[in-house]
Amino acid sequence: MKKIFGILLSILVIYVIYYDLTVGTLPASTPQLVDAKVEQRTPSPAEIDTPSFDAEVKPGDTVISIVEHKINKSLPVSIADLIEDFQTLNGGKSPEKIQIGSTYHFPDYSK
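These numbers were taken from a predicted model, which means no experiment stands behind them.

S.K.: An account of the overall build of the protein is needed here, citing residue identities and associated values.
M.R.: The secondary structure content of the protein amounts to three helices and two strands. If you list the helices and strands of the protein from N to C, you get α-β-α-α-β. For the protein, the accessible surface area stands at approximately 9100 Å², while carbon and sulfur atoms represent 58% of it.

Here it is as structure tokens:
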């Protein structure tokens, strides 16, 4: 009797796993379309309080190296502040994704 019960329980568990993997137990969600317009305006460097300069990115350049080259000394602020200022000046663009040949606004810490 115990063997039959064990076999039936094993078959039931295998069937439940098979059903869950093929059909699933969660209801299918349909994507709802939202009609919303988001206006994203990037402020110009003249509207931002941080002094800045424009520079074209060359191969091997990073945001830190460009700023340090401009001010001719090591970075006087933390890297987090530099990233935040760069993103503010460039409309939220990530400093890790700057492209060679493109011109960006960089914060000027020379003062």
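Still more ground to cover, so stick around.
S.K.: Explain helix H3 (residues 79-89) to me, and be specific about the residues and the numbers.
M.R.: Buried within H3 we find Leu82, Asp85, Phe86 and Leu89. The buried residues of H3 occupy an angular sector of 100° when the element is viewed end-on, so they sit on one face. Opposite the packed face of H3, turned more than 90 degrees from it, sit the exposed residues Ala80 and Glu84. In this structure, the buried residues of H3 make contact with strand S1 (52-56), helix H2 (63-71) and strand S2 (103-107). Immediately downstream of H3, the backbone of Gly91 shows phi near 65°, a positive value.

S.K.: With reference to specific residues and values, describe unusual backbone geometry.
M.R.: Even without being a glycine, Asn72 presents a positive backbone phi close to 60°. Structurally, Asn72 is set in the loop between H2 and H3. Given the relative accessible area of 67%, Asn72 is considered exposed.

S.K.: Go over the pairing of S1 with me, naming the residues and quoting the values.
M.R.: Side chains Phe53 and Ala55 of S1 all project onto a buried face; the interleaved residues Ser52, Asp54 and Glu56 project onto a face where none is buried. Across five bridges, the pairing between S1 and S2 is antiparallel. Bridging from a neighbouring strand, Phe53 pairs with Phe106 of S2.

S.K.: Any chance you could break down the side chain of Asn90 for me, citing the residues and the numbers?
M.R.: Looking at the secondary structure, you find Asn90 in the loop between H3 and S2. In terms of polar contacts, Asn90 uses its side chain to reach the backbone carbonyl oxygen of His105, at 2.7 Å. Beyond its immediate stretch of four places on either side in the chain, Asn90 contacts Tyr104 and His105.

Rules behind the numbers
Residues numbered from 1 in each chain as written. Predicted model: local features only at pLDDT ≥ 70, side-chain atom pairs only at ≥ 80, totals over all residues. Heavy atoms only, no water. Helix = DSSP H or I, 4+ residues; strand = E, 2+ residues; numbered from the N terminus. Areas by Shrake-Rupley, 256 points an atom, 1.4 Å probe, with all protein chains shown as cover. Buried < 20%, exposed > 50% of the residue type's maximum accessible area, 1.4 Å probe, protein only. Arc of directions from axis to C-beta. Contact = heavy atoms within 4.5 Å. Pairing = 2+ DSSP bridges. Polar contact = N/O pair within 3.5 Å; in protein donor to acceptor, adjacent residues only side chain to side chain.

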